[in-house]
Amino acid sequence: YLRRRCEQNYIVPNTLKAYIQSLYEYNEPSPRLIDAMVHEGKLLYYLDMVLPDSPDSTKIGYTQTQLNSCKQNEPEIWAFLTEKELLFSNQIREYNKLISEAPSVSGMPPETPGRIGIWVGWQIVRRYMQQNPKVSLDELMQIKDGQKILQGSKYKPKK
């Protein structure tokens, strides 16, 4: 699952993401899952802005099938995160499975790709920017509170 992202079409997005990460470092001593999700989502949103013609699957490193599965199961994924009360958890071991590299996520359907929390964070950030069009990209990147972005996004996937 990692080898695929070593192909040529991933070079530019991966390099740019590493550069953006160096500009907007994330060093929260006790982050909540929502903070980590939104931080990673902001990095992917930044890629949206600088690589508008690059496919989403390439930006996040999913296959198109995995990306389609995320979109199709978005309400169920969101329900899992909220029902298990994971969003505001700061227990890294507890939520690491949702933001770390893995072929799948335990507790979710087998087709759910690893790093699903990052994908959800990206959707939250996209929605936030739709709801707040006057916020600049730099202003967005400066917001450290994931809960503020979640609330401002009015994110709630429809079933």
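For the structure, check the block above.
Keep in mind the model is a prediction, meaning the values are calculated, not measured.

(A) Structural detail: helix H9 (residues 146-153). Within H9, burial applies to Gly 146, Ile 149, Leu 150 and Ser 153. Looking straight down H9, one finds its buried side chains confined to an arc of 100 degrees; they lie on one side. Buried residues belonging to H9 abut helix H2 (33-50), helix H5 (74-83), helix H7 (116-131) and helix H8 (137-142). Following H9 by one or two positions, Lys 154 has its phi on the positive side, about 55 degrees.

(B) Molecular detail of H7. With 16 residues, H7 extends 23 Å from end C-alpha to end C-alpha; this agrees with the ideal 22 Å at 1.5 Å per step. Within H7, 13 of the 16 residues are buried, which leaves the element mostly enclosed by the surrounding structure.

(C) Local environment of the nonpolar core. In this structure, Leu 81, Leu 98, Ile 116, Trp 119, Val 120 and Ile 124 are the most contacted members of the largest nonpolar core, which totals 43 residues. In terms of residue count, H2 provides more of this core than any other element does, ten residues in total. In contact with Trp 119, other than residues within four places in its own chain, are Ile 60, Tyr 62, Leu 67, Cys 70, Lys 71 and Glu 74.

(D) Just the packing of H7 against H9, in detail. In contact at an axis separation of 8 Å, H7 and H9 are set at 60 degrees when each is read in the N-to-C sense. Regarding the angle of H7 to H9, the classification is oblique. Crossing handedness for the pair H7 and H9: left-handed. Between H7 and H9, the residues in contact are Ile 124, Val 125, Arg 127, Tyr 128 and Gln 131 and Lys 148, Ile 149, Leu 150, Gly 152 and Ser 153, respectively.

(E) Region of the structure containing the pattern of salt bridges. Tallied over the full model, the rule gives eight salt bridges. The closest approach of N and O atoms between Lys 17 and Glu 40, which form a salt bridge, is 3.3 Å. In this pair, Lys 17 sits in helix H1 (residues 11-23) while Glu 40 sits in helix H2, placing the two residues 23 residues apart along the sequence. Here the two residues Lys 17 and Glu 40 agree in accessibility, since each one is buried. A salt bridge links Arg 126 to Asp 56, with the shortest nitrogen-to-oxygen separation between them at 2.9 Å. Here Arg 126, found in helix H7, pairs with Asp 56, found in helix H3 (residues 56-60); they are 70 residues apart in sequence, far enough to count as distant. Its relative accessible area of 19% is what places Arg 126 among the buried residues.

(F) Fine view of the side chain of Lys 42. Locating Lys 42 in the fold gives a position in helix H2. Of note is the side chain of Lys 42, whose polar atom sits 3.3 Å from the backbone oxygen of Met 141. Once you skip the residues sitting within four places of it in the chain, Lys 42 turns out to touch Val 125, Leu 140, Met 141, Ile 143, Lys 144 and Ile 149.

(G) Expanded view of the packing of aromatic side chains. A complete count under the given rule lists two aromatic pairs for this structure. When the centroid spacing of 6.1 Å and the interplanar angle of 50 degrees are considered together, the rings of Tyr 24 and Tyr 46 count as tilted. With Tyr 24 in the loop between H1 and H2 and Tyr 46 in helix H2, this residue pair connects regions lying 22 residues apart in the sequence. Using a relative accessible area of 11% as the deciding quantity, one classes Tyr 24 as buried. Tyr 46 sits in the buried class, given a relative accessible area of 17%. Relative to Tyr 155, the ring of Trp 78 lies with its centre 4.8 Å away and its plane at 85 degrees, an arrangement referred to as edge-to-face. Taken together, the residues span a long stretch of sequence, with Trp 78 in helix H5 and Tyr 155 in the segment after H9 at a distance of 77 residues. Classification of Trp 78 as buried rests on a relative accessible area of 11%. The exposure class assigned to Tyr 155 is buried, which follows from its relative accessible area of 9%. The ring of Trp 122 is capped by Arg 126, whose NZ or CZ atom sits 4.0 Å from the centre of that ring.

Definitions and cut-offs
Residues numbered from 1 in each chain as written. Predicted model: local features only at pLDDT ≥ 70, side-chain atom pairs only at ≥ 80, totals over all residues. Heavy atoms only, no water. Buried < 20%, exposed > 50% of the residue type's maximum accessible area, 1.4 Å probe, protein only. Helix = DSSP H or I, 4+ residues; strand = E, 2+ residues; numbered from the N terminus. Arc of directions from axis to C-beta. Contact = heavy atoms within 4.5 Å. Expected span 1.5 Å × (residues − 1). Core = buried A, V, L, I, M, F, W, Y, C linked by side-chain atoms within 4.5 Å. Axes fitted to C-alpha atoms, helices over the stretch in contact; angles between N-to-C directions. Parallel < 35°, antiparallel > 145°, perpendicular 65-115°, else oblique. Left-handed = near helix turned anticlockwise from the far one by under 90°. Salt bridge = Lys/Arg side-chain N within 4 Å of Asp/Glu carboxyl O. Polar contact = N/O pair within 3.5 Å; in protein donor to acceptor, adjacent residues only side chain to side chain. Phe/Tyr/Trp six-rings, centres within 6.5 Å; stacked < 30°, edge-to-face > 60°. Lys NZ or Arg CZ within 6 Å of the ring centre and 35° of its normal.

This is a description of form; function is not addressed.
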